Amino acid sequence: MGSGVEVAMGFLDRSAIVAPPGWSRWLVPPAALAVHLSIGQAYAWSNLKTGLGTGQGNLGFSGSATALPFQLAIVMLGLSAAFAGTTVERRGPRWAMLVSTIFFSGGFLVSALGMALSQYWLVVVGYGFFGGIGLGIGYISPVSTLMKWFADRPGMATGIAIMGFGGGALIAAPIETSLVATFGKTYSGFSMTFLVMGIGYAVFMSMGWLLVRVPADDWRPPAPPSSSAAPAGSGRAVSAATAIKLPQFWFLWVVLCFNVTAGIGLLERANPIYQDFFATTGTTTQIAAAAAAFVAILSLANMLGRFVWSSASDVIGRKNIYRMYLGVGALLYLVILTLGEGNKVVFLLAALLILSFYGAGFATIPAYLKDLFGTYQVGAIHGRLLTAWSAAGVLGPLVVNAIVDAQGDQPGPAKYTVSFIIMIGLLAIGFVANELIRPVDPKHDVTEGDETAAAREEAAR
């Protein structure tokens, strides 16, 4: 029994996945995508929520009840990424991806059991609690490894993976719709839907943890092309425990939080915002259909922005790209306020750019962390920084929904004026925070003695 456990742990150990000479680093992004495309299903929860809800032919759960699994999953994403970040860094990507696979797919299986027993609380626990842990660990699992393989192009590498999280819903949505149509909107039907999804994601995510490799200690990427905006951070080694005590970390926290707030506030209420801005441009049916198409296009902009702008940051620099996300983003909100009503082209272009900046903010932040703190514990630092996402997930919808609801029956775009002005202010604060970020003093780097002490501490556990 003991030897079997030792073999299993050895298989998962970081030392077991060191790439041999000549192994292509371009196999790592597909491994990361296998995980991120899967856990990106979270963005497609609304398809399952609809069938569980109160509409005709549905199961009849309230809106609050059907939102609870998703809300808990996002909370657990932030918490698990923050608290497990150091462990993920120490254990390596194979261990992290396997744990993510077990929790994420296991959450679907627990949900399947809950529906089979007509116990909805098990869906909340399964999808929300267990699945949320899988989300958090899976989200940060490939970050450090991608940074090390692509030290010359960290923005592009993390952009590919995190684009997968943004695009996971595009794959999951039609699958969910087909499964629900096949098995029906009953307890047993949803049980089968959750079961099939759990098994399917377990198989797909396994390609990630089986394929992933880490570079040997003496491996170096090809020399990067000369560039005046070449990223800093080469050779830096700041621990996660030290990073969270530095102002650079908290300035970045503000940058990420307010950039995400500005995007998620628009994304979360995109459908009614479109209908309010263009209420007089067609019939009710036509406007509703156009609003639905608008939401789909925004999702595509969210996904593509993660790759395009993050890759661009490798050329123009991380601080410059966030100047664009925050500064141009604030101007785009102003454009929507002043020119967007009735002008579909201006409104659409501004909204698409805002959502592309929203997605890009997620994808670029790991490379920004690498520039400042190095790759030593960048995955753990990234996990702690994702608490900004949790805060923005509350702040963004609150700024839009609470203020709009307080406007009462005020018609048209005017009901969003206060909310959008607040978004402009938050983006301006984020812009200032980005300007205040300075290189980290080398005195905060981990020394060889510190690493030896850490290794001894780990061995004693």
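Just above, that's the structure.
Described in the following lines is the structure provided in the data block.

What counts, and at which threshold
- Residues numbered from 1 in each chain as written.
- Predicted model: local features only at pLDDT ≥ 70, side-chain atom pairs only at ≥ 80, totals over all residues.
- Heavy atoms only, no water.
- Buried < 20%, exposed > 50% of the residue type's maximum accessible area, 1.4 Å probe, protein only.
- Helix = DSSP H or I, 4+ residues; strand = E, 2+ residues; numbered from the N terminus.
- Salt bridge = Lys/Arg side-chain N within 4 Å of Asp/Glu carboxyl O.
- Core = buried A, V, L, I, M, F, W, Y, C linked by side-chain atoms within 4.5 Å.
- Contact = heavy atoms within 4.5 Å.

## Quick look at helix α16 (residues 378-385)
(1) Moving on: Across the 8 residues of α16, 7 count as buried, placing the element largely inside the fold.
(2) Moving on: Among the residues of α16, those classed as buried are V378, G379, A380, I381, H382, G383 and L385.

## Some words on the pattern of salt bridges
Working definition: two side chains of opposite charge can pair if their charged atoms are close together.
(1) Moving on: Applying the stated criterion across every chain yields a total of 7 salt bridges.
(2) Moving on: Here E89 ties to K148 by a salt bridge, and the two come within 3.9 Å at their closest N and O atoms. Separated by 59 residues along the polypeptide, E89 in helix α4 (residues 63-91) and K148 in helix α7 (residues 143-149) bring together distant segments of the chain.
(3) Moving on: Since its relative accessible area comes to 10%, E89 is described here as buried.
(4) Moving on: Its relative accessible area of 26% is what places K148 among the partly exposed residues.
(5) Moving on: For R153, the salt bridge identified is with D152, shortest N-O distance 3.9 Å.
(6) Moving on: Three or more residues joined by partner-sharing salt bridges are found here, namely R25, D152 and R153.

## Considering unusual backbone geometry
(1) Moving on: If you check the backbone angles, S118 has positive phi at about 60 degrees while not being a glycine.
(2) Moving on: Inspection of the secondary structure assignment puts S118 in the loop between α5 (93-116) and α6 (121-140).
(3) Moving on: Relative accessible area serves as the criterion here: at 38%, S118 is assigned to the partly exposed category.

## Focus: the nonpolar core
(1) Moving on: Of all hydrophobic cores here, the largest spans 119 residues; its most connected members are Y139, F194 and F373.
(2) Moving on: The element contributing the most residues to this core is helix α15 (residues 344-373), with 16 residues.
(3) Moving on: Not counting chain neighbours up to four residues away, the residues in contact with F194 comprise W45, L48, F108, S111, A112, M115 and V123.
(4) Moving on: Within the second largest apolar cluster, 11 residues are counted, among which are W23, W149, F150 and A161.

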